Amino acid sequence: MTNNTTIQILVIDDECEIGKLIATAAKTMEINCTTTSTVDCFIAAINPNVTLMMIDLMMPDIDGVELLRKLGQQQCKTKIILMSGVDKRVLQSAQDMADSLGLTVVGIIQKPFRLAELKQMLMNHTSQHISDKTSIATSTPGKEPTLKEITKEEFLLGIERKEFILYYQPQIEIATGKMVGLEALVRWQHPERGLLLPDSFINQAEALGTIDQLGWLVAEKALNEIKQFTKKDGTVPTLSINVSPYSLQDLQFPDKFIAIVKLCNVDPENIILEVTESGLFKELSSALDILTRLRMKKCKLSIDDFGTGYAMIQQLQHVPATELKIDKSLVQDMHKDSTCIMIKKIIEMGHDLKMQIVAEGVETDEQVEFLRINKCDIAQGYLFSKPRSIQELLEWISKHEV
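All values reported here derive from a predicted model rather than from experimental measurement.

All right, on to the environment of Met121 then. On the secondary structure map, Met121 appears in helix α5 (residues 115-126). A C-alpha to C-alpha distance of 8.9 Å links Met121 and Ile81, two positions 40 residues apart in sequence. Each residue touching Met121, except ones within four places of it in the same chain, is listed here: Ile81, Gly107, Ile108 and Ile109.

Here the focus is the confidence of the model for the protein. Of the residues in the protein, 88% have a pLDDT of 70 or more, and the chain-wide mean is 84. The secondary structure element of the protein with the lowest average pLDDT is helix α6 (residues 129-133), at 39, and the one with the highest is strand β14 (residues 378-379), at 97. Every residue in residues 1-5 is under pLDDT 50, and counting partners more than four places away or in other chains gives five contacts. Predicted confidence for residues 128-147 stays below pLDDT 50, and this span has 28 contacts to residues more than four positions away or in other chains.

With that settled, the discussion passes to the packing of aromatic side chains. Any pair of aromatic rings gets described here by the distance separating the centres and the angle formed by the planes. Under the counting rule described, the total for this entry stands at seven aromatic pairs. Their ring planes at 85° and their centres at 5.8 Å tell us that Trp188 and Phe201 sit as a pair that is edge-to-face. One end of the pair, Trp188, is in strand β7 (residues 179-190); the other, Phe201, is in the loop between β8 (194-196) and α8 (202-208), with 13 residues separating them in the sequence. For Trp188, a relative accessible area of 0% gives the class buried. For Phe201, a relative accessible area of 0% gives the class buried. Ring pairs connect the aromatic residues Phe155, Phe164, Trp188 and Phe201, which therefore count as one cluster. Its end group placed over the ring of Tyr167, Arg187 keeps NZ or CZ at 5.2 Å from the ring centre.

Counted at 1.5 Å a residue, the expected span for helix α1 (residues 16-28) with its 13 residues is 18 Å, and the 19 Å between its end C-alpha atoms agrees. Within α1, burial applies to Ile18, Gly19, Ile22, Ala25 and Ala26. One side of α1 carries all its buried residues, which in axial view fall inside an arc of 130°. Set apart from the buried face of α1 by more than 90 degrees, the exposed residues are Cys16, Glu17, Lys20, Lys27 and Thr28. The elements touched by buried residues of α1 are β1 (8-12), β2 (32-36), β3 (50-56), β4 (79-84) and α5. Just downstream of α1, Glu30 is the residue with a positive phi angle, here 60°.

The rules we used
- All residue numbers refer to positions counted from 1 along the written sequence of the respective chain.
- Reporting of local features is limited, given that this is a predicted model, to residues whose pLDDT is at least 70; pairs of side-chain atoms are given and counted only at 80 or more, and all residues count toward the totals for whole chains, interfaces and linings.
- Hydrogens are left out, water is left out, and the side-chain values use all remaining heavy atoms of the structure.
- Only DSSP runs of H or I covering at least 4 residues are called helices, and only runs of E covering at least 2 are called strands; the numbering of each starts at the N terminus.
- Note on contacts: a residue pair qualifies if any of its non-hydrogen atoms lie within 4.5 Å across the two residues.
- Within a predicted model, pLDDT stands for the predictor's per-residue confidence, ranging from 0 to 100.
- Between the rings of Phe, Tyr and Trp (Trp by its six-membered ring), a pair exists once the centres lie within 6.5 Å; its type follows the angle of the planes, with under 30 degrees stacked, over 60 edge-to-face, and the other angles tilted.
- The cut-offs for exposure are 20% and 50% of the maximum accessible area for each residue type, with area from a 1.4 Å probe on protein chains only; residues under the lower value are buried, those over the upper are exposed, and the others partly exposed.
- Lysine and arginine charges are scored as sitting over a ring when NZ or CZ, respectively, is within 6 Å of the ring centre and within 35 degrees of the ring normal.
- The span one expects for a helix is its residue count, reduced by one, times 1.5 Å.
- To obtain the arc, one takes the directions from the helix axis to the C-beta atoms.

Structure below.
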């Protein structure tokens, strides 16, 4: 592959078999992979086109921590995955050190790892690169390109032109294996930058004060589109829509939202509004006012990313939520005994409070089995389906629905 969207990764590991395994996995994913076992060759192979580096921490001539220090001194901006057979806490410490050097560590993987685990990690950290390639400003030769800042005018024009589209990710009932819900996830089909994922524009939209306009556009679009997923028996999957913390400061939000729901002829009980755990604390009194009124109007409420904060448990009894979403970072850390205990307690606590429990970021059969044994209600993640456009999802449903 020699086109402008070629994905390139660079691997250093003193175990030749590991290098071959990664190179083979990369080839099946149409990713260019360069492997080496020496630091000099690794440093020489670094260039602005390298998308991702995979670095082994344990090598005979120089350890990975020393190599990270060298990369920090060179102000390297390439994404990094750390590998090792050492305890994961040591890997985590190495990641913290790399972060302090200004490096971007996007993942850690313990040896021995499975091919499926490796491919998933490569997909997670290279899939956005092609979109990123189309989103970069013109750069000076020899320098790494940087994202061109999005302006308020650009946002508002994109909203006016309806450049924002929705992808949907299925939510699967663990007990039956059936799709019971969909989460609406926004994308920006930018005429010049290409398809932008939310991580590249949501924070900017909040900072520029355009998040409300975007939120209403997403809500109206999702409420109009959900009917396309009506099942053969006439039922419609639940629709989960993310709500910005800034919207929870507008006391008119419940009335405005329900007006759109009625206009789109959707049952409010079929809607789940997702608010982040941290978002509830921006202005707790107004958030509780708004969430209580939404529940009175029959909408369901979900606390997203649960388990990433600390104070939420103290306030949980006061929030009229109907659902808890276990954060994907906990699900992906499920191999740790301490994390398993935490997930068990979240499920138990949520059920005691009459809430439905959803696990995000599910990627393996082992994770699903653990969640099933511990009576988690719903799973969502790449094991079942990535977020898909309407047409792609309708095709997926036709193949997977009983």
